[in-house]
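Listed below, chain by chain, are the residues.
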Amino acid sequence: MDIRYLGHSAFQFKVGERSILVDPFVKQNDKYDWHAENITDIFVTHGHADHVGDTIEIAREKGSTVSAVVELADYFAREGLTTNRVNFGSWLNYPWGRAIFVPAFHSNSLPDGGHAGQAAGIIFDIEGVRIYHAGDTALTSEMKLIKELYHPTIAMLPIGGHYTMDIGHAAVAAEWLGARTVIPMHYNTFPEIKADLETFYKLVNMNNTGCLILNPDEIPNQQQMQ
Ligand SMILES: [Zn+2]
(Lines give C-alpha, C1' and ligand atoms only; values in the text may rest on other atoms or scores of the structure.)
Protein backbone atom coordinates (compact mmCIF):
# COMPACT_ATOMS: atom_id res chain seq x y z
CA MET A 1 0.00 0.00 0.00
CA ASP A 2 1.12 3.54 -0.76
CA ILE A 3 -0.01 6.31 1.56
CA ARG A 4 0.01 9.79 0.11
CA TYR A 5 -0.71 12.97 2.06
CA LEU A 6 -2.61 15.44 -0.11
CA GLY A 7 -2.70 18.34 2.34
CA HIS A 8 -5.04 19.38 5.20
CA SER A 9 -6.81 16.12 6.23
CA ALA A 10 -6.80 14.50 2.79
CA PHE A 11 -5.03 11.20 2.18
CA GLN A 12 -4.90 8.65 -0.61
CA PHE A 13 -4.29 4.96 0.02
CA LYS A 14 -3.30 3.05 -3.10
CA VAL A 15 -3.91 -0.67 -2.89
CA GLY A 16 -3.06 -2.49 -6.11
CA GLU A 17 -5.01 -0.77 -8.89
CA ARG A 18 -7.45 0.93 -6.51
CA SER A 19 -7.15 4.31 -4.85
CA ILE A 20 -9.08 5.25 -1.73
CA LEU A 21 -9.46 8.89 -0.73
CA VAL A 22 -10.20 10.26 2.74
CA ASP A 23 -11.59 13.80 3.17
CA PRO A 24 -10.57 14.86 -0.36
CA PHE A 25 -10.10 18.61 0.01
CA VAL A 26 -7.54 18.38 -2.79
CA LYS A 27 -7.99 21.13 -5.35
CA GLN A 28 -5.52 23.38 -3.53
CA ASN A 29 -2.80 20.76 -4.20
CA ASP A 30 -1.72 21.27 -7.80
CA LYS A 31 0.73 18.31 -7.54
CA TYR A 32 -2.17 15.89 -7.19
CA ASP A 33 -3.91 14.86 -10.41
CA TRP A 34 -6.96 12.91 -9.35
CA HIS A 35 -8.04 12.52 -12.98
CA ALA A 36 -5.15 10.04 -13.36
CA GLU A 37 -6.17 7.88 -10.36
CA ASN A 38 -8.56 4.94 -10.19
CA ILE A 39 -10.55 6.20 -7.20
CA THR A 40 -12.97 3.46 -6.24
CA ASP A 41 -13.84 4.72 -2.75
CA ILE A 42 -14.07 8.04 -0.95
CA PHE A 43 -14.49 8.27 2.83
CA VAL A 44 -15.74 11.49 4.41
CA THR A 45 -15.41 11.93 8.18
CA HIS A 46 -17.94 14.77 8.48
CA GLY A 47 -19.81 17.40 6.49
CA HIS A 48 -17.64 20.51 6.91
CA ALA A 49 -16.36 22.01 3.67
CA ASP A 50 -12.67 21.34 4.39
CA HIS A 51 -13.47 17.59 4.60
CA VAL A 52 -16.22 17.13 1.98
CA GLY A 53 -13.83 19.04 -0.26
CA ASP A 54 -14.06 17.89 -3.87
CA THR A 55 -15.94 14.66 -3.16
CA ILE A 56 -18.86 15.38 -5.48
CA GLU A 57 -16.77 16.32 -8.51
CA ILE A 58 -14.36 13.40 -8.06
CA ALA A 59 -17.05 10.77 -7.41
CA ARG A 60 -19.08 11.95 -10.40
CA GLU A 61 -16.10 11.61 -12.72
CA LYS A 62 -14.74 8.38 -11.25
CA GLY A 63 -17.94 6.61 -10.24
CA SER A 64 -16.47 6.22 -6.74
CA THR A 65 -18.59 4.95 -3.85
CA VAL A 66 -18.78 7.44 -0.99
CA SER A 67 -18.81 5.95 2.51
CA ALA A 68 -20.10 8.25 5.25
CA VAL A 69 -22.42 8.30 8.27
CA VAL A 70 -26.02 7.96 7.01
CA GLU A 71 -27.11 11.61 7.18
CA LEU A 72 -24.05 12.76 5.26
CA ALA A 73 -24.25 9.80 2.86
CA ASP A 74 -27.86 10.76 2.06
CA TYR A 75 -26.69 14.26 1.16
CA PHE A 76 -24.24 12.73 -1.35
CA ALA A 77 -27.00 10.43 -2.67
CA ARG A 78 -29.17 13.51 -3.32
CA GLU A 79 -26.24 14.81 -5.41
CA GLY A 80 -26.47 11.64 -7.49
CA LEU A 81 -23.51 9.77 -6.01
CA THR A 82 -23.29 6.07 -5.15
CA THR A 83 -23.05 5.76 -1.39
CA ASN A 84 -22.39 3.32 1.40
CA ARG A 85 -24.56 4.55 4.31
CA VAL A 86 -22.80 3.54 7.49
CA ASN A 87 -22.68 4.22 11.19
CA PHE A 88 -20.60 3.32 14.22
CA GLY A 89 -20.40 -0.22 15.49
CA SER A 90 -18.90 -2.76 13.15
CA TRP A 91 -16.26 -3.46 10.55
CA LEU A 92 -17.31 -2.83 6.95
CA ASN A 93 -15.82 -5.01 4.23
CA TYR A 94 -14.37 -3.70 0.97
CA PRO A 95 -12.49 -5.49 -1.83
CA TRP A 96 -9.22 -3.92 -0.57
CA GLY A 97 -9.68 -4.46 3.18
CA ARG A 98 -12.06 -3.20 5.84
CA ALA A 99 -12.94 -0.04 7.75
CA ILE A 100 -14.81 0.91 10.90
CA PHE A 101 -16.24 4.32 11.77
CA VAL A 102 -15.68 5.57 15.33
CA PRO A 103 -17.02 8.69 17.07
CA ALA A 104 -15.11 11.97 16.85
CA PHE A 105 -15.59 14.74 19.40
CA HIS A 106 -16.54 17.55 17.00
CA SER A 107 -19.57 19.41 15.63
CA ASN A 108 -21.07 18.57 12.25
CA SER A 109 -23.33 19.97 9.53
CA LEU A 110 -24.02 19.38 5.85
CA PRO A 111 -22.55 21.75 3.25
CA ASP A 112 -26.12 23.13 2.83
CA GLY A 113 -26.41 23.67 6.61
CA GLY A 114 -28.60 20.60 7.24
CA HIS A 115 -28.27 17.93 9.91
CA ALA A 116 -25.24 15.74 9.18
CA GLY A 117 -25.36 13.17 12.00
CA GLN A 118 -22.28 12.69 14.12
CA ALA A 119 -18.71 13.50 13.11
CA ALA A 120 -16.50 10.43 12.75
CA GLY A 121 -13.01 9.10 12.69
CA ILE A 122 -12.25 6.01 10.61
CA ILE A 123 -9.99 3.03 11.20
CA PHE A 124 -8.77 1.22 8.10
CA ASP A 125 -7.38 -2.30 8.06
CA ILE A 126 -5.45 -2.70 4.81
CA GLU A 127 -2.90 -5.43 4.17
CA GLY A 128 -2.36 -5.88 7.90
CA VAL A 129 -1.80 -2.16 8.60
CA ARG A 130 -4.29 -0.44 10.89
CA ILE A 131 -4.63 3.25 10.08
CA TYR A 132 -6.65 5.52 12.34
CA HIS A 133 -7.74 8.74 10.59
CA ALA A 134 -9.10 10.80 13.47
CA GLY A 135 -11.08 13.27 11.36
CA ASP A 136 -11.57 16.48 13.33
CA THR A 137 -11.65 15.78 17.03
CA ALA A 138 -10.74 17.03 20.45
CA LEU A 139 -8.75 14.76 22.72
CA THR A 140 -11.16 12.13 24.01
CA SER A 141 -10.85 9.06 26.21
CA GLU A 142 -12.36 7.15 23.26
CA MET A 143 -8.76 6.96 22.03
CA LYS A 144 -7.84 4.64 24.91
CA LEU A 145 -10.60 2.32 23.74
CA ILE A 146 -9.33 2.58 20.17
CA LYS A 147 -5.94 1.35 21.36
CA GLU A 148 -7.48 -1.52 23.30
CA LEU A 149 -9.83 -2.66 20.53
CA TYR A 150 -7.99 -1.83 17.30
CA HIS A 151 -4.26 -1.39 18.01
CA PRO A 152 -3.66 1.23 15.31
CA THR A 153 -0.29 1.03 13.55
CA ILE A 154 -0.52 4.56 12.17
CA ALA A 155 -2.52 7.45 13.64
CA MET A 156 -3.36 10.50 11.52
CA LEU A 157 -4.10 13.24 14.04
CA PRO A 158 -5.27 16.84 13.70
CA ILE A 159 -2.78 19.15 15.43
CA GLY A 160 -3.74 22.68 14.35
CA GLY A 161 -5.79 23.60 17.42
CA HIS A 162 -8.66 26.14 17.40
CA TYR A 163 -11.15 23.62 15.91
CA THR A 164 -9.41 20.40 17.00
CA MET A 165 -6.62 19.12 19.23
CA ASP A 166 -3.52 21.28 19.39
CA ILE A 167 0.00 19.84 19.46
CA GLY A 168 -0.07 19.25 23.23
CA HIS A 169 -3.32 17.30 23.18
CA ALA A 170 -2.35 15.49 19.97
CA ALA A 171 0.85 14.30 21.68
CA VAL A 172 -1.29 12.92 24.53
CA ALA A 173 -3.53 11.27 21.94
CA ALA A 174 -0.48 9.66 20.35
CA GLU A 175 0.46 8.17 23.71
CA TRP A 176 -3.08 6.94 24.43
CA LEU A 177 -3.39 5.37 20.97
CA GLY A 178 -0.07 3.55 21.21
CA ALA A 179 0.47 3.77 17.44
CA ARG A 180 3.91 3.07 16.04
CA THR A 181 3.73 6.14 13.81
CA VAL A 182 1.83 9.41 14.03
CA ILE A 183 1.16 11.54 10.96
CA PRO A 184 0.05 15.12 11.75
CA MET A 185 -2.72 16.72 9.70
CA HIS A 186 -5.17 19.67 9.78
CA TYR A 187 -2.53 22.37 10.33
CA ASN A 188 -1.24 25.49 8.55
CA THR A 189 -4.04 25.47 5.95
CA PHE A 190 -5.67 28.53 7.55
CA PRO A 191 -4.13 31.21 9.83
CA GLU A 192 -6.00 29.96 12.94
CA ILE A 193 -4.60 26.43 12.68
CA LYS A 194 -0.91 27.26 12.52
CA ALA A 195 1.08 24.58 14.36
CA ASP A 196 4.65 24.23 15.57
CA LEU A 197 5.63 20.99 13.82
CA GLU A 198 9.08 20.81 15.37
CA THR A 199 7.70 20.91 18.91
CA PHE A 200 5.05 18.32 18.02
CA TYR A 201 7.73 16.06 16.58
CA LYS A 202 9.74 16.31 19.82
CA LEU A 203 6.71 15.75 22.05
CA VAL A 204 5.69 12.61 20.16
CA ASN A 205 9.20 11.20 20.08
CA MET A 206 9.49 11.57 23.85
CA ASN A 207 6.76 8.92 24.03
CA ASN A 208 8.71 6.51 21.82
CA THR A 209 6.30 6.99 18.94
CA GLY A 210 7.59 7.82 15.48
CA CYS A 211 6.35 11.07 13.98
CA LEU A 212 6.17 11.15 10.20
CA ILE A 213 5.68 14.62 8.77
CA LEU A 214 4.48 14.22 5.20
CA ASN A 215 4.87 16.89 2.58
CA PRO A 216 1.85 17.15 0.25
CA ASP A 217 4.17 18.10 -2.60
CA GLU A 218 6.13 14.84 -2.54
CA ILE A 219 5.54 12.04 -4.98
CA PRO A 220 3.76 9.03 -3.49
CA ASN A 221 6.41 6.33 -3.81
CA GLN A 222 8.62 8.06 -1.26
CA GLN A 223 5.93 7.50 1.34
CA GLN A 224 5.50 3.78 0.96
CA MET A 225 4.45 1.93 4.10
CA GLN A 226 5.00 -1.71 4.93
ZN1 LIG B 1 -11.69 20.56 9.64
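Up top you'll find the structure we're talking about.
All values reported here derive from a predicted model rather than from experimental measurement.

Quick notes on the rules
- Residues numbered from 1 in each chain as written.
- Predicted model: local features only at pLDDT ≥ 70, side-chain atom pairs only at ≥ 80, totals over all residues.
- Helix = DSSP H or I, 4+ residues; strand = E, 2+ residues; numbered from the N terminus.
- Contact = placed C-beta atoms within 7 Å.
- Pairing = 2+ DSSP bridges.
- Axes fitted to C-alpha atoms, helices over the stretch in contact; angles between N-to-C directions.
- Core = buried A, V, L, I, M, F, W, Y, C linked by C-beta atoms within 7 Å.
- Buried ≥ 20, exposed ≤ 12 C-beta atoms within 10 Å, placed from the backbone.

1. Observations regarding the environment of G97
Next up, step 1: Its location among the elements puts G97 in strand 8 (residues 97–103).
Next up, step 2: Residues G97 and E127, spaced 30 residues apart in sequence, show a C-alpha to C-alpha distance of 6.9 Å.
Next up, step 3: Sequence-distant contacts of G97, defined by excluding residues within four places in its chain, comprise V15, F124, D125, I126 and E127.

2. Here's the deal with the sheet that holds strand 9 (residues 120–126)
Next up, step 1: Across the sheet, 7 strands lie side by side as 7-8-9-10-11-12-13; this open sheet has mixed pairing. Of all the strands in the sheet, the pair left with one neighbour each is strand 7 (92–94) and strand 13 (210–211).
Next up, step 2: Relative to strand 11 (residues 154–158), strand 10 (residues 129–133) runs parallel, the two sharing 3 bridges. The residue of strand 11 that forms the bridge with Y132 is A155.
Next up, step 3: Contacts from helix 4 (residues 142–150) reach strand 8, strand 9 and strand 10 within the one sheet, and its direction differs from that of strand 8 by about 155 degrees.

3. Quick look at the sheet that holds strand 5 (residues 65–69)
Next up, step 1: Ordered in space as 1-2-3-4-5-6, the 6 strands form an open sheet in which the pairing is mixed. Single-partner strands in this sheet number two, and they are strand 1 (2–7) and strand 6 (82–86). The sheet shows a mean angle of 20 degrees between the axes of neighbouring strands, taken without regard to direction.
Next up, step 2: As judged from the 5 bridges shared by strand 1 and strand 2 (residues 10–15), these two strands associate in the antiparallel manner.

4. Quick notes on the nonpolar core
Next up, step 1: Ranked by size, the top nonpolar core spans 68 residues in total, and within it Y132, A155, M156, L157, A170 and A174 carry the most contacts.
Next up, step 2: Per element, the largest residue contribution to this core is 6 residues, and it comes from helix 5 (residues 167–177).
Next up, step 3: Each residue touching Y132, except ones within four places of it in the same chain, is listed here: G121, I123, I146, P152, A155, M156, L177 and A179.

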